[in-house]
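# Working through the structure, step by step
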Amino acid sequence: MRIPRMRFPTFGPTLYGLALLMVVLGIATPFLPIVAKVQLINFLLFVGLAYALNFITGLTGYVSFGHAIFMGIGAYALGGGIDRLGFPPLLGVFLGAGLGAAFAVGIGLVTLRFRGVYFAITTLVLFLAAKNIVPEISQLGEGGGIFMNLGFQPLAQFYTIWAIVVIEIGLTYWVTHGRLGYGLRAIKSDEDVAKTVGVNASRLKLSLFGISGMFTGATGAVYAWTLSAVLPETGFDITFSLRMLAMIIIGGAGTLLGPFLGAIIVYVPYNYFQTVQSLLGLQLAVIGALVLLIALFIPTGIVGTVRRYVPFLRRYIE
Amino acid sequence: MLQLDHIDAGYGPVQVLGSVSLAAQEGSITVIVGPNGAGKSTILKVITGLVRPTGGHVVFQERDITALPAHDRPALGIASCPEGRRLFPLLTAETNLRLGAYTPRGRNAADATMEYVYRLFPRLRERAGVKAGRLSGGEQQMVGIGRALMAKPSILILDEPSLGLAPKLVSEIFAKIQELRKGGLTVLMVEQNAYAALRIADFGYVMQNGQVVRSGPTKDLLDLEALRRDYFATG
């Protein structure tokens, strides 16, 4: 009965499984047909967003409705970096990550003082404000967007988003399995009591919001890279806020495997519906209904529910 | 060991405490009694740092901690069990205890303290793997006190330890509190159950409408007539 110290945690089956899957993807992708490559890039973008939101909403319980704001910041950072500063795309992604983190820390300093639904509403309002402010900036295309002549670079895009996802999974595992994991569970459960046992709740929340903003910004930058353009509608797209939430709610908020499962469940219909004319536009309705059902009947998502009802799997998935 | 010096505090525009001064002596049990809404819990929140006073000073072991954030206080040796226990309901009893040892002060002695807590409350050893939300009221109170003890405190702050417990359990918990004091711990608690609390405490404060109306060694306070007047605010 030992209190975990800040040491490198022991590895678990979920982490092994995810690591193996990512290694296979990393090795196999160059040999896949181009259609599959594009599919995988788009899928990993969803995975990247899911893990990014999981840091704040999954681990601390603070529901951010405005997370697409950081995608927009990342997208415009990439666009501005390439168009204005002559950056290569990868540097643009780093810029997106840096600005995403910086804005998240700035926004978090104020908004993380609100709790529950007030936090959710504030993030949503900030998103709406940003969506209207950023396109007004003349250096960033004044609402007309920024078009980048990047050509088709699927492998560079793939490995960038692949690396983002790998880092996210590793970091999620590290954060949840150390002493910080205990502190986070305390905050999620009862923030005031967490403080009275010595958890520096403000700092922990702000760090996670910063990390979350960083990865969302980086992923948003890669998304803009795949579109080779940044437009106000694709940069600041509220449906991505909703998809991010849907993914972690469906998969299991705060878990290691949940965001990945959620990304599969949200991405597959999203992608399939876009190819069938009569279903076009219905994907959000289907995902919305699914989220509603899960929130009502199995609020802990797939991972939480399986762990609860299938005891022998408890050791293998987390 | 702990002094409150002319504390004013409240929530927004509502002032709850007006110039409250009190002290807890090292190695003693101090109890604050009084009717609902007298400001007893607010005093404890000022001590744990969850409420920042608008006036006055909190001094702990000769250090002014008035402005110290709540999360830095356990490291000094201030641990609390809030009103209604406020355990982490979805985490097991044992994880709740472990969380009590979050600070280095608690962590370095965690194994030994855990054993101490289990010896103090043998029932908890059997219930270690049960989610805190599923424990009985008495067991939850034991986890609450145990969690505070895991921080290796020099002062233990208890908010209504008898709340919602059957009379038999109340005397059991109070006996444990006396046992802790014998081990050298300073205890400061708030109680509605004034009579029972004053019987185990060394020093008492009676509060009414955010002010201390009477204080002294508990044997002087155990005048039932006076207590009744304080509670019902008659005469």
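Note: the structure precedes this text.
Before going into details, it helps to say that this report is about the structure given with it.

Cut-off values and rules
- Per chain, residues are indexed from 1 in the order of the written sequence.
- Labels are handed out in written order, letters beginning with A for the chains and numbers beginning with 1 for the ligands.
- Thresholds applied to this predicted model are a pLDDT of at least 70 for local features of residues and 80 or more for the giving and counting of side-chain atom pairs; totals over whole chains, interfaces and linings are not thresholded and use all residues.
- Helix numbering and strand numbering both begin at the N terminus, where a helix is a DSSP run of H or I of at least 4 residues and a strand a DSSP run of E of at least 2.
- Radius of gyration means the value over C-alpha atoms here, while the globule rule gives 2.2 Å times the residue count to the 0.38 power.
- Any residue whose C-beta has 12 or fewer other C-beta atoms within 10 Å is treated as exposed, any with 20 or more as buried, and any in between as partly exposed, C-beta atoms being built from the backbone.
- Here the contact rule is simple: place C-beta atoms from the backbone, and any two residues whose C-beta atoms are within 7 Å are in contact.
- As a rule, the C-alpha atoms of each element are fitted with a line to give its axis, helices using only the stretch in contact, and angles between N-to-C directions run from 0 to 180 degrees.
- Note on angle classes: values under 35 degrees are labelled roughly parallel, values over 145 roughly antiparallel, values of 65 to 115 roughly perpendicular, and the remainder oblique.
- Note: crossing handedness is left-handed where the near helix turns anticlockwise from the far helix by less than a right angle, and right-handed where it turns clockwise.
- Think of it as three bins: nonpolar holds Ala, Val, Leu, Ile, Met, Phe, Trp, Tyr, Cys and Pro, charged holds Asp, Glu, Lys and Arg, and polar takes everything else, Gly as well.
- Definition of nonpolar core: a set of buried Ala, Val, Leu, Ile, Met, Phe, Trp, Tyr and Cys residues joined via C-beta atoms within 7 Å.
- Pairing between strands requires that DSSP locate at least two bridges from one strand to the other.
- Seen with its strands pointing away from the viewer, a crossover is right-handed if its path from the first strand over the helix to the second goes clockwise.

### Some words on the overall build of chain B
- A count of helices and strands for chain B gives 10 helices and 10 strands.
- A globule of 235 residues ought to have a C-alpha radius of gyration of about 18 Å, and chain B, at 17 Å, matches this closely.
- The principal-axis extents of the C-alpha atoms in chain B amount to approximately 50 × 40 × 30 Å.
- Across the 235 residues in chain B, those meeting the buried criterion constitute 48%.
- Residue pairs in contact within chain B that sit at least 24 positions apart in sequence constitute 67% of those at least 6 positions apart.

### Brief notes about the overall build of chain A
- Within chain A, the secondary structure is distributed over 14 helices and 2 strands.
- For 318 residues, the compact-globule estimate of 2.2 N^0.38 gives 20 Å, and the C-alpha radius of gyration of chain A, at 19 Å, lies within 12% of that figure.
- For the C-alpha atoms alone, the extent of chain A along its principal axes is close to 60 × 45 × 40 Å.
- Taking all 318 residues of chain A together, the buried fraction comes to 48%.
- Taking all contacts inside chain A whose residues are at least 6 apart in sequence as the whole, residues at least 24 apart take part in 76%.

### Some thoughts on the packing of helix α11 (residues 238-251) of chain A against helix α13 (residues 283-297) of chain A
Residue and element names in this part refer to chain A.
- Taken N-terminus to C-terminus, the directions of α11 and α13 make an angle of 40 degrees; their axes are 10 Å apart at the nearest point. The pairing of α11 with α13 is recorded here as oblique in orientation. Where α11 crosses over α13, the handedness of that crossing is left-handed. Between α11 and α13, the residues in contact are Thr 239, Arg 243, Ala 246, Ile 249 and Ile 250 and Leu 284, Ile 287, Leu 290, Val 291, Ile 294 and Ala 295, respectively.
- Here the residues of the contact of α11 with α13 sort into 9 nonpolar, 1 polar and 1 charged.

### Some remarks on the nonpolar core
- Core analysis: the largest hydrophobic core is formed by 163 residues, its most contacted members being Ala50(A) and Leu78(A).
- What Leu78(A) contacts, discounting residues up to four positions off in sequence, is Pro89(A), Gly92(A), Val93(A), Leu95(A), Gly96(A), Ala221(A), Ala224(A), Trp225(A) and Val230(A).

### A word on the sheet that holds strand β5 (residues 63-64) of chain B
All names here are of chain B.
- The sheet built from 4 strands is open, its strands ordered β2-β1-β4-β5 with antiparallel pairing. The open sheet has two free edges, formed respectively by β2 (14-24) and β5, since each of these has just one partner strand.
- Sheet topology note: the strand β4 (residues 55-60)/β5 ladder contains 2 bridges and is antiparallel. Along β5, the bridge assignment pairs Phe 60 with Arg 63.
- Here helix α1 (residues 40-48) sits on the sheet in contact with β1 (2-11), β2 and β4, set at roughly 110 degrees to β1.

### Digging into the pairing of strand β9 (residues 203-208) of chain B
Residue and element names in this part refer to chain B.
- Counting buried residues along β9, 5 of its 6 residues qualify, which places the element largely inside the surrounding structure.
- For strand β3 (residues 29-33) and β9, the ladder comprises 4 bridges, and the chain directions are parallel. Following the sheet pairing, Val 31 is matched in β9 by Gly 204.
- Summarising the sheet, β9 and strand β10 (residues 211-217) pair through 6 bridges and their orientation is antiparallel.

### Describing the pairing of strand β8 (residues 186-191) of chain B
Residue and element names in this part refer to chain B.
- In terms of residue burial, β8 counts as a mostly covered element, since 6 of its 6 residues are buried.
- Along β8, one buried face is formed by Thr 186, Leu 188 and Val 190 and the opposite face, lined by Val 187, Met 189 and Glu 191, is buried too.
- For β3 and β8, the ladder comprises 5 bridges, and the chain directions are parallel. Bridge pairing in β8 places Ile 29 opposite Val 187.
- Pairing of strand β7 (residues 155-159) with β8, which is carried by 5 bridges, proceeds in the parallel orientation. Bridge pairing in β8 places Leu 158 opposite Met 189.
- In this region the chain leaves β7, passes through helix α7 (residues 167-182) and returns to the parallel neighbour β8; the handedness of that crossover is right-handed.

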